[in-house]
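Coordinate inspection notes
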Amino acid sequence: MERNVRFVEGLFEQFGTVEYLAPEEISAERVQKADALFIRTRNRCDAALLDGSQCRFIGTATIGTDHIDLPYCASRGITAVNAPGCNAPAVAQYVMASILAIANRPIEQYTIGIIGVGHVGAIVERWARRMGMEVLVNDPPRQAAEGGDNWSTLDEIAERADIITVHTPLDATTRHLLDDAYISTFRRSPIVINAARGPIADTDALIRGIDSGKIHHLVIDCWENEPDISRELLRRATIATPHIAGYSLEGKIRAARMVLDEFSRTFSLPHIEMPQSAPAGAALKVSPAAIMRSYHPEDDTARLKAAPETFETLRNTYALRHEV
């Protein structure tokens, strides 16, 4: 059990022996006799960690699975589960709060381009429309499945958007989606936001984009090479945070609940009660004023810029905020 997985301490002892470890302590030797492993994103779960172990279950209390070798787990009969959408309301809160912190004109005068309209992007879309923003959405898998003519191409977003925010999974098609070639097509010197995965954006391309004026402001929560983040990118980012966009109290409770339920199903155990509960999803309607009251990204930015070497400490000791 990674000790930074929240709201699960004390819930598993009724079923067996539990070890609470720091991410760097989770090794092939420690996992050897484990039946189940609970992690976040800092541990790569693959053959190097799991070969020869008796592990049957991996639960990551995060939305992503790019740190888990899913084909390997399937070949070994290891059930690997995540918590899709658990922190989507918090990430949407972060995105909108960052936009409002930077905006220098009424919010309804902005056009926002949303690349990836899944759990997070759909909330950002809904809130942005309710606030009167013009919204451009790009999601090829959804477009193929749903059809319709309300979709925008990446080129259209580059040409028309004042704000570009990316909410795609990380895979071969999205790695370095924000690269020199794409940034060079920006026409309105947009605010660019990465609160998805670090490698979705090419760090050097972002730096060149700011320096050339192709990008007006950067909002960066997810970084390449975390926790050893680029000091040059940090210096240029208007809002810079230590991968905490999704760190809400409610999101962590949802993540724990989802992983606990899958653990119970896998091992045919009774339902595990949690003392905490959270709303199922995001607020249907929010106002700019409510968002600005709920979260101040400038505070987290100041802490990271003052001591970037404490990235991991800031992340692991983050005081969970409430969602809007």
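Not measured: the values here are computed from a predicted model.

What counts and what doesn't
Residues numbered from 1 in each chain as written. Predicted model: local features only at pLDDT ≥ 70, side-chain atom pairs only at ≥ 80, totals over all residues. Heavy atoms only, no water. Phe/Tyr/Trp six-rings, centres within 6.5 Å; stacked < 30°, edge-to-face > 60°. Helix = DSSP H or I, 4+ residues; strand = E, 2+ residues; numbered from the N terminus. Lys NZ or Arg CZ within 6 Å of the ring centre and 35° of its normal. Pairing = 2+ DSSP bridges. Disulfide = S-S within 2.5 Å. Buried < 20%, exposed > 50% of the residue type's maximum accessible area, 1.4 Å probe, protein only. Axes fitted to C-alpha atoms, helices over the stretch in contact; angles between N-to-C directions.

Considerations on the packing of aromatic side chains
Under the definition given, this model contains eleven aromatic pairs. An angle of 75 degrees between the planes, with centres 5.7 Å apart, marks the rings of Phe-57 and Phe-263 as edge-to-face. Remark: Phe-263 occurs in helix H11 (residues 249–266) and Phe-57 occurs in strand S2 (residues 57–60); sequence separation between them is 206 residues. Put simply, the rings of Phe-12, Phe-15, Phe-38, Phe-57, Phe-263 and Phe-267 pair up and form one aromatic cluster. Arg-105 extends its terminal NZ or CZ atom over the ring of Tyr-110, reaching a point 3.9 Å from the ring centre. Its end group placed over the ring of Tyr-247, Lys-252 keeps NZ or CZ at 3.7 Å from the ring centre.

A closer look at the sheet that holds strand S6 (residues 163–166)
In space, the six strands of this open sheet follow the order S5-S4-S6-S7-S8-S9, with parallel pairing throughout. In the strand order of this sheet, the two ends are held by strand S5 (134–138) and strand S9 (239–240), each with one partner. Pairing analysis gives five bridges linking strand S4 (residues 111–115) to S5, with the strands arranged parallel. Within S5, the residue paired with Ile-112 across the bridge is Val-135.

Observations concerning the state of the cysteines
Inspection of the entire model under this criterion finds zero disulfides. Left unpaired, Cys-55 is separated from the closest cysteine sulfur, that of Cys-73, by 7.5 Å. The thiol of Cys-222 is unpaired, and the distance to the nearest cysteine sulfur, on Cys-86, comes to 13 Å.

Thoughts on the environment of Ser-184
Of note, Ser-184 is situated in the loop between helix H8 (180–183) and strand S7 (191–194). The class of Ser-184 is partly exposed, set by a relative accessible area of 40%. Distance in space between the C-alpha atoms of Ser-184 and Ser-212 is 9.4 Å, their sequence separation being 28 residues.

Some remarks on the sheet that holds strand S3 (residues 79–81)
The strands making up a sheet associate through hydrogen bonds between their backbones, and the pairing can be parallel or antiparallel. Strand order in the open sheet formed by three strands is S1-S2-S3, with parallel pairing between adjacent strands. Lying at the two open borders of the sheet, with one neighbouring strand each, are strand S1 (36–39) and S3. Shown here is a sheet whose adjacent strand axes are inclined to one another by a mean of 10 degrees, direction ignored. Summarising the sheet, S2 and S3 pair through three bridges and their orientation is parallel. Residue Gly-59 lies in a different strand from S3, and its bridge partner there is Val-81.

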